[in-house]
Amino acid sequence: GAVVSQHPSWVICKSGTSVKIECRSLDFQATTMFWYRQFPKQSLMLMATSNEGSKATYEQGVEKDKFLINHASLTLSTLTVTSAHPEDSSFYICSAQRQLNQPQHFGDGTRLSIL
Amino acid sequence: TQLLEQSPQFLSIQEGENLTVYCNSSSVFSSLQWYRQEPGEGPVLLVTVVTGGEVKKLKRLTFQFGDARKDSSLHITAAQPGDTGLYLCAGVGYNNDMRFGAGTRLTVKP
């Protein structure tokens, strides 16, 4: 199997708080992890691609200082939403990929609500 | 700009009916994937098509990849209420990037 665990599954916090989301590949090593954002009733939009040990590549329009990505090991990537505001409220989903051009395996997502 | 045009966006049908979802692009993909997503969960991979003209069947679901590797379709035969969900196509480029279509929200009424 290829299980990806995402934690937490739901976060509610006050405006100005920084929130960290973890994405772990439980039974395989992932050379690449992806972070997506999904607004209600919309599709997934790629935010950034991260490879273990190197800086993440951000999509156009995604602020790298706002969405900090760390991919410290082959099984863990983290996304930190810094100084979150209500407009950052969304469903964040990660995926992990064993090797280039192999399927991505998705986590169950994190619903972030900023009050 | 949506790289992948997926249609229809919404589809509501009665149990037992057939349906087809389309995914079109002007770009050529190395492969194309179809996912199904339930509310509050991540997408689950249904199939990957790799070869132009390829047809794959998964029980009542039939997936087709266009000859030019730019488009794909998902056909569901005799839809059931359990097929209700969000269906997403995703094209994988030759540089490993993947882009999702807008999704088709399917409702099958009993």
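Look above for the structure.
Per-chain numbering applies: the sequence of each chain, read as written, is numbered from 1 onward. The naming scheme follows written order: chains are lettered A onward, ligands numbered 1 onward. The predicted nature of this model means local features are confined to residues of pLDDT at least 70 and side-chain atom pairs, given and counted, to a pLDDT of 80 or more, with totals for whole chains, interfaces and linings taken over all residues. Each side-chain value is worked out from all heavy atoms of the structure, with water and hydrogens disregarded.

A run of DSSP states H or I qualifies as a helix once it reaches four residues; a run of E qualifies as a strand once it reaches two. Both are numbered from the N-terminal end. A tally of regular secondary structure across chain B gives zero helices and eleven strands. Its helices and strands in sequence order give chain B the pattern β-β-β-β-β-β-β-β-β-β-β, from N to C terminus. Radius of gyration here uses only the C-alpha atoms, and the compact-globule reference equals 2.2 Å multiplied by the residue count raised to the power 0.38. Taken against the 2.2 N^0.38 rule, which gives 13 Å for 110 residues, the C-alpha radius of gyration of chain B at 13 Å falls within 12% of a compact globule. C-alpha atoms of chain B, sized along the principal axes, occupy 40 × 30 × 20 Å. Note on classification: 1.4 Å probe, protein chains only; a residue is buried when its accessible area is under 20% of the maximum for its type, exposed when over 50%, partly exposed between these limits. Per-residue burial for chain B yields a buried fraction of 45% across its 110 residues. Accessible areas in this description were obtained via Shrake-Rupley with a 1.4 Å probe; residue shielding takes into account the shown protein chains only. Here chain B displays about 5,100 Å² of accessible surface, and carbon together with sulfur accounts for 51% of that area. In this tally, Asp and Glu contribute negative charge and Lys and Arg positive charge; neither His nor the terminal groups of the chain are included. Every charge is mapped to an atom, namely NZ of Lys, CZ of Arg, CG of Asp or CD of Glu. Once the 10 positive and 10 negative side-chain charges of chain B are each reduced to a mean point, those two points are 2 Å apart.

A separate point is the layout of surface pockets. In this analysis the probe radius is 1.4 Å and the grid spacing 1 Å, with only protein atoms considered; a cavity is a set of points the probe fits into but cannot get out of, a pocket is an open set with protein on both sides within 12 Å along at least five of seven lines, and lining residues have an atom within 4 Å of a point. Grid points are joined across faces, edges and corners, and a volume is the space filled by probe spheres set on the points. Counted as a void, the largest pocket has a volume near 520 Å³. For the largest pocket, the lining is made up of 21 residues, of which A:Met45, A:Leu46, A:Glu59, A:Gln60 and A:Val62 are closest to its centre. Going through the elements one at a time, strand S4 (32-38) and strand S5 (44-51) of chain A together with strand S10 (98-100) of chain B are the ones with two or more residues in the lining of the largest pocket. Tallying contributions element by element places S5(A) first for the lining of the largest pocket, with four residues. Polarity classes work like this: nonpolar for Ala, Val, Leu, Ile, Met, Phe, Trp, Tyr, Cys and Pro, charged for Asp, Glu, Lys and Arg, and polar for all others, with Gly in that last group. Here the lining of the largest pocket is composed, by residue class, of eleven nonpolar, four polar and six charged. By volume, the second largest pocket amounts to about 260 Å³. As for the second largest pocket, its lining consists of 14 residues, of which A:Lys41, A:Arg111, B:Pro39, B:Gly40 and B:Arg105 are closest to the centre. When the residues that make up the lining of the second largest pocket are grouped by side-chain class, the tally is five nonpolar, four polar and five charged.

On to the interface of chain A and chain B, then. On the side of chain B, 18 residues touch chain A, which itself brings 20 residues to the contact. The term buried area means the drop in 1.4 Å probe accessible area that two parts suffer when joined, counted for both and summed. Interface area lost by chain A to chain B is led by A:Ser43, A:Leu44 and A:Phe106, which between them contribute 28%. Salt bridge criterion: a side-chain nitrogen from Lys or Arg within 4 Å of a carboxyl oxygen from Asp or Glu. Applying the counting criterion to the chain A and chain B interface returns one salt bridge. As a salt-bridge pair, A:Glu59 and B:Arg99 come within 2.8 Å of each other at their nearest N and O atoms. Pairs of N or O atoms are called polar contacts if they sit within 3.5 Å, as long as, within protein, a hydrogen donor faces a hydrogen acceptor (for residues adjacent in sequence, only side-chain-to-side-chain pairs). Across the contact surface, chain A and chain B share five residue pairs in polar contact (both at pLDDT 80 or more). In this description, contact between two residues means that some pair of their heavy atoms is separated by no more than 4.5 Å.

All names here are of chain A. Buried residues of nine kinds, namely Ala, Val, Leu, Ile, Met, Phe, Trp, Tyr and Cys, make up a nonpolar core once their side-chain atoms join them within 4.5 Å. Core analysis: the biggest nonpolar cluster contains 23 residues, and Trp 35, Leu 79, Tyr 92 and Leu 112 have the highest contact counts within it. Of all the secondary structure elements, the ones that give two or more residues to this core are strand S2 (10-13), strand S3 (19-25), S4, S5, strand S7 (67-73), strand S8 (76-81), strand S9 (90-97) and strand S11 (110-114). Among residues more than four places away in sequence, those in contact with Leu 79 are Val 19, Lys 20, Ile 21, Trp 35, Phe 67, Leu 68, Ile 69 and Tyr 92.

Disulfide: a covalent bond connecting the sulfur atoms of a pair of cysteines. Our working definition of a disulfide is a cysteine sulfur pair at a distance within 2.5 Å. Following the criterion strictly, the structure yields two disulfides over all chains and no others. Sulfur-sulfur distance for the disulfide between A:Cys23 and A:Cys94 comes to 2.0 Å. What sets the handedness of the A:Cys23 and A:Cys94 disulfide is the S-S torsion sign, and at about 80 degrees it is right-handed. Taken together, the residues A:Cys23 in strand S3 and A:Cys94 in strand S9 connect sequence positions 71 residues apart. In this structure, A:Cys23 and A:Cys94 share a single accessibility class: buried. A sulfur-sulfur separation of 2.0 Å characterises the disulfide bridge that pairs B:Cys23 with B:Cys89. Because the sign of the S-S torsion sets the handedness, a value of about 70 degrees for the bond joining B:Cys23 and B:Cys89 places this disulfide among the right-handed ones. Taken together, the residues B:Cys23 in strand S3 (residues 19-24) and B:Cys89 in strand S9 (residues 85-92) connect sequence positions 66 residues apart. According to the relative accessible area criterion, B:Cys89 is buried, its value standing at 0%.

Attention shifts here to the environment of B:Asn24. Residue and element names in this part refer to chain B. Structurally, the position occupied by Asn 24 is in strand S3. Look at Asn 24 and you get partly exposed, because its relative accessible area is 36%. Separated by 65 residues in sequence, Asn 24 and Cys 89 place their C-alpha atoms 9.5 Å apart.

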